[in-house]
Amino acid sequence: MISPLAAEPRLAFLRTGPASGIITLDARAVAEIADLELRNVRFHAGGAALAGVDAGIPLYWRQYHHHEDPERSARGEARVEDIDTGEALLRLRCHGSTASGAARSMTDLVVEAFADGRIEYHLFAALEIAPGAEWRVTPHPQHGELEFLNLWPSGVFLPGGDERKRYDACVVVRGDTVTRIPHTHLESADKHDIRLLPGDVFCYLLEADNPAVQILDGAEISAGLCAYMWDAHFAVRLCHGAEDVLLRSPRRITAAVRLFSIDVERARELAAAAEDDPAAGNDGAPIYVHGVNSFAETIASIDGDAADVWPWSHETTDSAHARGDVDRAEGHADDSSLRIVHQEATVSRWVATTLGPAYGDPPFVDGARYRLSAWVRADAVNGAARIALRVHREGAEDLFDVHTYEVFGSETQLDGTTPWTRLVVETPAISPPPDRVHLLLELEGSGICRFDDVLFEQEHRA
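For every chain, the first residue of its written sequence is number 1, and the numbers climb from 1 along that sequence. Only residues with pLDDT of at least 70 are given local features in this predicted model, and only at 80 or more are side-chain atom pairs given and counted; all residues enter the totals for whole chains, interfaces and linings. With hydrogens and water excluded, all non-hydrogen atoms of the structure serve as input to the side-chain values.

Draft legend 1. Layout of the overall build of the chain. The helix count covers DSSP runs of H or I at least four residues long, the strand count covers runs of E at least two residues long, and both are numbered beginning at the N terminus. Check the secondary structure of the chain and you find one helix and 32 strands. Relative to the globule expectation of 23 Å for 462 residues, the C-alpha radius of gyration of the chain, 24 Å, shows essentially globular dimensions. With the C-alpha coordinates of the chain rotated into their principal frame, the extents come out at 80 × 50 × 50 Å. Relative to its 462 residues, the chain shows a buried fraction of 54%. Two residues form a contact once any of their heavy atoms are found within 4.5 Å. Here the analysis covers contacts within the chain between residues at least 6 apart in sequence; of these, 66% occur between residues at least 24 apart. Residue burial considers only the protein chains on display, and all accessible areas are found by Shrake-Rupley using a 1.4 Å probe. For the chain, the exposed area adds up to about 20100 Å²; of that, 48% sits on carbon and sulfur atoms. Distance between charge centres in the chain, computed from 42 positive and 74 negative side chains, equals 3 Å. As defined in this context, the radius of gyration uses C-alpha atoms, and a globule is described by 2.2 Å times the residue total to the power 0.38. To sort residues, take the accessible area from a 1.4 Å probe on protein chains only and compare it with the maximum for the residue type: under 20% means buried, over 50% means exposed, and anything in between is partly exposed. Residues counted as positive are Lys and Arg, residues counted as negative are Asp and Glu, and His and the chain ends are not counted. In plain terms, the charge of a residue is placed at NZ if it is Lys, CZ if Arg, CG if Asp and CD if Glu.

Set out below in structure tokens:
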């Protein structure tokens, strides 16, 4: 690290509220803190903001699971205090707590300005359980449990409009090994539980300036890359099974990271050295198409950018007995279909969530009815094979909890062994209009079922 060089104070913090203010370099804004979130972060004097633009970088600890719950996010009682200001270094201390005060967050933000115009940000985060208190932590195997950093570079995900998406991949640098994570919307294995040790670097590629995170300190750091909008989550992993973990005082958890940028020359070197994770499992994923979904194409066979397509995903809480795949030997009108295999009685489904303005489509129409149809075949099913629409309306609560959505299921359900049968589900007029509509192809029980020629339709009826 180059030592900061400055003959006189250059960095300053102009407070605008108890947990807000503007960070300036030579009286010019280089970042902001807004309600305990780092916003509009620049890594070069006079440069463009590369992070914290569309969504702020939390300067507090939170659980990944249901982090909107004030008891799971240490954002309450927020305040920022000046610790050290002057010359080319600024240190601020960010305080927060959960609603009950059981968990207390303290993050030191250290900003450094260098003689060549570079700016770096160091986060030293500590979480403590208050005396006599306890805090329940819920497992999240993909992204870790206790999140201390979330990074979403500007322009990396653009759900609408004609602007080009920035950054086509992330890379993880571990010594001489560079692993590439392509930006696709698939929940692939390379995006989950990315273990990081002190010294490892996670960065976005490949633009003129590329945001990066280096782990400085911390035990069992697990990162995860969101398949929806490619923001990166960094967390401390506490749970090693399906059970919650109860933290009791005295307990203190720490982590430290460096936020900086990589120039285009170094980024090209990393891109040339990077190799994809062979276990990622990207190529065979089925993709959603507007119109009839015949499942003949996968992300590997399409023409165009893989970052522009959205997948069908298989959901289950019982991976030991449930499997979902693309059957390339049998379909309704061709030789492809989506298949679910249950070795024992359980529930799983194929899901398409890729509809509406959040995914670049026009808004849903107020008062419209929605129809889902599919050809379905059951083989030795002891239970029910069915289809359904899952709907969340504008203005309704719990957008991120699908258990609160309205579900409209097909009246016809298949069991036993059947030939290909067309199932249909249609909603009543939906008002207020939806902001999310999910397509569900589901098997409850045991056996095998296949789904093919799936069609979603929206009809506006005044």
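Draft legend 2. Focus on the packing of aromatic side chains. Think of it this way: a Phe, Tyr or Trp ring, Trp meaning its six-membered ring, pairs with another when their centres are within 6.5 Å, and the plane angle makes it stacked under 30 degrees, edge-to-face over 60, tilted otherwise. On inspection of all chains with the given rule, the structure shows 12 aromatic pairs. Residues phenylalanine 202 and phenylalanine 234 carry aromatic rings whose centres are separated by 5.4 Å and whose planes lie at 85 degrees to one another, so their mutual orientation is edge-to-face. Of the two residues, phenylalanine 202 is situated in strand E16 (residues 201-205) and phenylalanine 234 in strand E19 (residues 232-236); the sequence distance between them amounts to 32 residues. Owing to a relative accessible area of 1%, phenylalanine 202 belongs among the buried residues under this scheme. An angle of 70 degrees between the planes, with centres 5.8 Å apart, marks the rings of phenylalanine 295 and tryptophan 312 as edge-to-face. Placement of phenylalanine 295 in the loop between strand E23 (287-288) and strand E24 (310-311) and of tryptophan 312 in the loop between E24 and strand E25 (313-316) is noted, with a sequence separation of 17 residues between them. Considered together, phenylalanine 295 and tryptophan 312 belong to a single accessibility category, that of buried residues. What links up through ring pairs into an aromatic cluster is the set Tyr167, Phe202, Tyr204 and Phe234. Lying across the ring of phenylalanine 114, arginine 118 places its NZ or CZ 4.3 Å from the centre. Against the face of phenylalanine 260 rests arginine 258, its NZ or CZ located 3.7 Å from the ring centre. Think of it as a cone above the ring: NZ of Lys or CZ of Arg counts as a charge over the ring if it is within 6 Å of the ring centre and within 35 degrees of the ring normal.

Draft legend 3. Summary view of unusual backbone geometry. Put simply, leucine 205 and leucine 206 share a cis peptide bond, and its omega is 5 degrees. Secondary-structure assignment places leucine 206 in the loop between E16 and strand E17 (209-218). The step from serine 431 to proline 432 runs through a cis peptide bond, and the omega angle for that step is -5 degrees. Relative to the assigned elements, proline 432 resides in the loop between strand E31 (421-426) and strand E32 (434-459). A positive phi angle is found at aspartate 193, which is not glycine, with a value near 45 degrees. Positive phi is not limited to glycine here, since tryptophan 230 has a value of about 65 degrees. Here tryptophan 230 shows up in the loop between strand E18 (221-225) and E19.

Draft legend 4. Spotlight on the side chain of aspartate 435. Looking at where aspartate 435 falls in the secondary structure, it is placed in strand E32. Despite its burial, aspartate 435 pairs with no opposite charge, the nearest such side chain being arginine 436 at 4.8 Å. We call two N or O atoms a polar contact when they sit within 3.5 Å, provided that within protein one can donate a hydrogen and the other can accept it, with sequence-adjacent residues counted only if both atoms are side-chain atoms. Side-chain polar atoms of aspartate 435 contact the side chain of histidine 392, separated by 2.8 Å. Not counting residues up to four positions away in its chain, the partners in contact with aspartate 435 are Phe364, His392, Arg393, Glu394 and Leu399. Salt bridges, as used here, are contacts in which a Lys or Arg side-chain nitrogen is within 4 Å of a carboxyl oxygen on Asp or Glu.

Draft legend 5. Representation of the sheet that holds strand E2 (residues 20-25). Two strands are counted as paired when DSSP detects at least two bridges linking them. In spatial order, the strands read E1-E2-E3-E4-E5; together these five strands make up an open sheet with antiparallel pairing. Edge strands, defined here as strands with exactly one partner in the open sheet, are strand E1 (11-17) and strand E5 (57-58). Bridge analysis of E2 against strand E3 (residues 28-34) gives five bridges, and the strand direction is antiparallel. If you follow leucine 25 over to E3, its bridge partner there is arginine 28.

Draft legend 6. Structural context of the nonpolar core. Nine residue types can take part in a nonpolar core, namely buried Ala, Val, Leu, Ile, Met, Phe, Trp, Tyr and Cys, and a core is a set of them joined through side-chain atoms within 4.5 Å. In terms of nonpolar packing, the biggest core is built from 75 residues, with Ile23 and Tyr121 touching the most fellow members. Sort the elements by how many residues they give to this core and strand E10 (residues 119-129) lands first, with six residues. Tyr370, Leu389, Val425 and Ile430 belong to the second largest nonpolar core, which has 34 residues in total.

Draft legend 7. Examining the sheet that holds E18 more closely. Overall, antiparallel pairing links the five strands, which are arranged E6-E12-E19-E18-E15 in an open sheet. Only two strands of the sheet have a single neighbouring strand rather than two, namely strand E6 (62-63) and strand E15 (194-196). In this structure, E6 lies alongside strand E12 (residues 146-151), joined through two bridges in antiparallel fashion. Note on E12: the bridge partner recorded for arginine 62 is glutamate 147.

Draft legend 8. Representation of the side chain of serine 105 in the model. With respect to the helices, strands and loops of the structure, serine 105 is situated in strand E9 (residues 103-113). Residue serine 105 is classed as buried on the basis of its relative accessible area of 3%. Polar contacts involving the side chain of serine 105 include one to the main-chain amide nitrogen of tryptophan 61, which spans 3.2 Å. Setting aside chain neighbours within four positions, we find serine 105 in contact with Leu59, Tyr60, Trp61, Ala74, Cys94, His95, Gly96, Ala126 and Leu127.

Draft legend 9. Structural detail: the pattern of salt bridges. The full count for this structure, using the stated rule, is 35 salt bridges. In this structure, arginine 377 and aspartate 379 form a salt bridge, with 3.3 Å as the shortest nitrogen-oxygen distance. Bridged by salt links that share partners, the residues Arg323, Asp325, Asp327, Glu330, Arg339, Arg377, Asp379 and Arg450 form one connected network.

Draft legend 10. Local environment of a negative patch on the surface. Within the patch definition used here, like charges are joined within 9 Å and nonpolar side chains (Val, Leu, Ile, Met, Phe, Trp, Tyr) within 5 Å, considering only residues with over 30% relative accessible area and no salt bridge. Side chains of Glu68, Asp69, Glu397 and Asp398 sit close together on the surface and give a patch of like negative charge. Following the sequence through the fold, glutamate 397 ends up in the loop between strand E28 (369-393) and strand E29 (406-409).

Draft legend 11. View of the environment of alanine 358. Looking at the element boundaries, alanine 358 is found in the loop between strand E27 (337-352) and E28. Placed 219 residues apart in sequence, alanine 358 and proline 139 show a C-alpha to C-alpha distance of 27 Å.

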